[in-house]
Amino acid sequence: MDLIRLRDVKKTYKTGVTAIQQMSLSIEKGDFVFLIGSTGCGKSTLIKMLYREEKPTSGQIIVGGIDVGKLRNGKVYKLRRKIGVVFQDFKLLPKATVYENVAFSLEVFGLPKDEIHSKVIKVLELVGLKHKIKNYPRQLSGGEQQRVAIARAIVNGPKLLICDEPTGNLDPNTSMEIMEVLDQINKLGTTIIMVTHDISIVKKMKKRTIRLQSGRILKDYAKGTFKDESI
Amino acid sequence: MKAFRIFGRNIRDAFKSVFRNFSLSLASISCITITLLVVAVSIILFYNVNNFTSLVEKDVTIVAFLDKNIKQDKIDEIETKIKTMSGVASYDFRSKDQIKEEMMESSSDFENIMKDWSSEENPLYNAIQVKVKDIEQINKIAKEIEDMEGVSIVKYGEGMVEQLIGAFDAVHKITIGLVIALIIVTAFLISNTIKITIFSRQREIEIMRLVGASNLNIKIPFIMEGLFLGAFGAIIPIIATIYGYTTIYHHFNGQLFSPFIKLLAPSPFMYYVSLILLGIGILVGMFGSWRAVRKYLKI
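Residues numbered from 1 in each chain as written. Chains lettered and ligands numbered in written order. Predicted model: local features only at pLDDT ≥ 70, side-chain atom pairs only at ≥ 80, totals over all residues. Heavy atoms only, no water.

Draft legend 1. Seen up close, the interface of chain B and chain A. Of the residues lining the interface, 23 residues belong to chain B; the matching set on chain A comes to 30 residues. Buried area between chain B and chain A, both sides added, is near 2,300 Å², and the carbon and sulfur share of it is 52%. Between the two partners, chain B and chain A, sit three salt bridges. Among the salt bridges present, the one from Glu100(A) reaches Lys16(B), with a minimum N-O distance of 3.0 Å. (Contact = heavy atoms within 4.5 Å. Buried area = accessible area lost by both parts, 1.4 Å probe. Salt bridge = Lys/Arg side-chain N within 4 Å of Asp/Glu carboxyl O.)

As structure tokens, this is what we get:
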């Protein structure tokens, strides 16, 4: 079953720049998909539309049964609650502890304290940071901060995890550790879409990989068939 | 239950946030404090002028002196007429004998002169004292009474009363205008200060949106924060007003310059003023936050 379906999607910014052109794409539930391509090829625009930071100019985007293009501003939170997003710059609250950062996304749902506590501890265990719950983000390494961000993104059990260059600021070893965490999350049933520039990761992971160029899909490699044809 | 939990968390987060963003909170709080101090002075002035005006208004009396040889049935007729006039609050008939007695009681000189007067010899006039409901009507009512048959002279301190009315009216309007203007200015000033606070926390709002907080989820903690800032900002003005006013009141023995101008007693007046200040602080803080956060919720 498709979790994400794009039909003839086009995105033109107010500046007149067309970032995505007539794109059609479907991603199945439980998939792990890499989005690659050079800077300005439309990767970021594509995922921003998935979590409704941007609206498509034309065409239809369905994410988990929600027609994203038709979603009103006031209802965006309903989509966001089904999606976790992880960024290159982590986007953690600097003045909140690791625990508070992760618990934050559950508190907006109004869950009871005990339930929040057990969920947060469980997810921090999954990303291997249970021993640092009382630390503040500035006291953590880049890799650890990214794990907190991942924990926050998945703590409410989203169907989809969108990662925008999550390893962009990390060294190769730490990057692979993050990839292992993501792979584990994927195995637990969460669909993952990850934008990356790091071809070595794509090669190692052997997942479905979509290469974009000038706002179009240049190539869609099925699982395990990726070849580095960039040069 | 769920709503209560979310609400409780909002209050907790708002409280935490005031202290986590301490320097910016301090800026907002001092802004509220300073303006509330000025508002407090205006409110005190307003109520005291109000009080003074109504005291003076209560004291202003029309005295109608009746004709020398008026008959009892004519007096009754005038009384009935005055009773039925719409602007009259109360009236009191004094016969010339009553007035004589009162004057004799008030001084021994009067007593010596007046004690031998018989009822027929008494040169004083029968009089009716009339108090009016609205001091602005005094002129019209005095005129009406004067026109009645059997009334010879009417006195009410003409000229002076009109001047007082005009002066009170002006002070009244100015203080009301001042208080309203101050409240509006404070609201916008605070809104802008809080806007700076929120601007520095755009990231927080972005993250809240990202993890699926609804607009209301985002707004409420900020509005609560505005509430706390407003309440904290009201503390110093409240203490200063209570202490300051009570001191001034006791220093001047409850009157300003002359026994004619009476100040309002600090209790319960100061409780009302404190409540008004707290209310203005809270409302203005909440309004300011609401107005400031609204801007960042549009995508």
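Draft legend 2. Layout of the sheet that holds strand β7 (residues 160–164) of chain A. Residue and element names in this part refer to chain A. With mixed pairing, six strands are arranged side by side in an open sheet as β6-β7-β8-β3-β9-β10. Each end of this open sheet is capped by a strand with a single partner; those strands are β6 (83–87) and β10 (216–221). With direction set aside, neighbouring strand axes in the sheet form an average angle of 20 degrees. By the bridge criterion, five bridges tie β6 to β7 in an arrangement that is parallel. Considered in β7, the bridge of Gly84 is made with Leu161. (Pairing = 2+ DSSP bridges. Helix = DSSP H or I, 4+ residues; strand = E, 2+ residues; numbered from the N terminus. Axes fitted to C-alpha atoms, helices over the stretch in contact; angles between N-to-C directions.)

Draft legend 3. Region of the structure containing the sheet that holds strand β1 (residues 2–12) of chain A. On the basis of which strands lie adjacent, the open sheet formed by four strands has the order β2-β1-β4-β5 (chain A) and antiparallel pairing. Edge strands, defined here as strands with exactly one partner in the open sheet, are β2 (18–28) and β5 (66–67) of chain A.

Draft legend 4. Local environment of the confidence of the model for chain B. Confidence in the prediction of chain B, expressed as mean pLDDT, is 83, and 99% of residues score 70 or more. Across chain B, the secondary-structure element scoring lowest on mean pLDDT is helix α7 (residues 160–199) of chain B, at 78, and the one scoring highest is helix α9 (residues 215–251) of chain B, at 89. (pLDDT = per-residue confidence, 0-100.)

Draft legend 5. View of unusual backbone geometry. A cis amide bond links Ser267(B) with the next residue in sequence, Pro268(B), at an omega value of 5 degrees. With respect to the element layout, Pro268(B) can be found in helix α10 (residues 266–294). Even without glycine at this site, Arg52(A) takes up a positive phi of about 60 degrees. One can find Arg52(A) in the loop between α1 (43–50) and β4 (58–63). Backbone geometry places Ser214(A), a non-glycine residue, at a positive phi of 50 degrees.

Draft legend 6. Highlighting the side chain of Asn101(A). Along the chain, the position of Asn101(A) falls in helix α3 (residues 98–107). Once residues within four sequence positions are removed from consideration, Asn101(A) is found in contact with Leu92(A), Leu93(A), Ala96(A), Pro137(A), Val148(A) and Arg152(A).

Draft legend 7. Molecular detail of the pairing of strand β8 (residues 191–195) of chain A. Residue and element names in this part refer to chain A. Burial within β8 is extensive, with five of its five residues counted as buried. Along β8, one buried face is formed by Thr191, Ile193 and Val195 and the opposite face, lined by Ile192 and Met194, is buried too. Of the pairings in the sheet, the one linking strand β3 (residues 32–36) to β8 comprises four bridges and is parallel in character. Within the sheet, the bridge partner assigned to Phe34 lies in β8 and is Met194. Sheet analysis places β7 next to β8, joined by five bridges and oriented parallel. The residue of β8 that forms the bridge with Leu161 is Ile192. Running through helix α6 (residues 172–187), the crossover from β7 to the neighbouring parallel element β8 is right-handed. (Buried < 20%, exposed > 50% of the residue type's maximum accessible area, 1.4 Å probe, protein only. Right-handed = clockwise from strand over helix to strand, strands pointing away.)

Draft legend 8. Just the pattern of salt bridges, in detail. Evaluated as defined, the whole model comprises 20 salt bridges over all chains. With a closest N to O distance of 3.5 Å, Glu54(A) and Lys11(A) form a salt bridge. A residue pair is termed long-range when its members are at least 10 positions apart, and Glu54(A) in the loop between α1 and β4 and Lys11(A) in strand β1 qualify at 43 residues. Sharing partners across several salt bridges, the network here consists of Lys74(B), Glu77(B), Lys81(B) and Glu149(B).

Draft legend 9. How the structure looks around the packing of aromatic side chains. Under the defined criterion, the tally for this structure stands at 15 aromatic pairs over all chains. An angle of 80 degrees between the planes, with centres 5.0 Å apart, marks the rings of Tyr221(A) and Phe226(A) as edge-to-face. Residue Tyr221(A) shares its accessibility class with Phe226(A), and that shared class is buried. The rings of Phe46(B), Tyr47(B), Tyr245(B), Tyr249(B) and Phe269(B) are connected pair by pair, giving a single aromatic cluster. Residue placement shows Lys91(A) over the ring face of Phe87(A); its charged tip is 4.8 Å from the ring centre. Residue placement shows Arg294(B) over the ring face of Trp290(B); its charged tip is 4.8 Å from the ring centre. (Phe/Tyr/Trp six-rings, centres within 6.5 Å; stacked < 30°, edge-to-face > 60°. Lys NZ or Arg CZ within 6 Å of the ring centre and 35° of its normal.)

Draft legend 10. Geometry of the environment of Phe32(A). Residue and element names in this part refer to chain A. One can find Phe32 in strand β3. When the C-alpha positions of Phe32 and Ile193 are compared, they lie 6.0 Å apart, and in sequence the two are 161 residues distant. Those residues within four positions of Phe32 in sequence are excluded, and the remaining contacts are Met179, Leu182, Asp183, Asn186, Ile192, Met194, Lys207 and Arg208.

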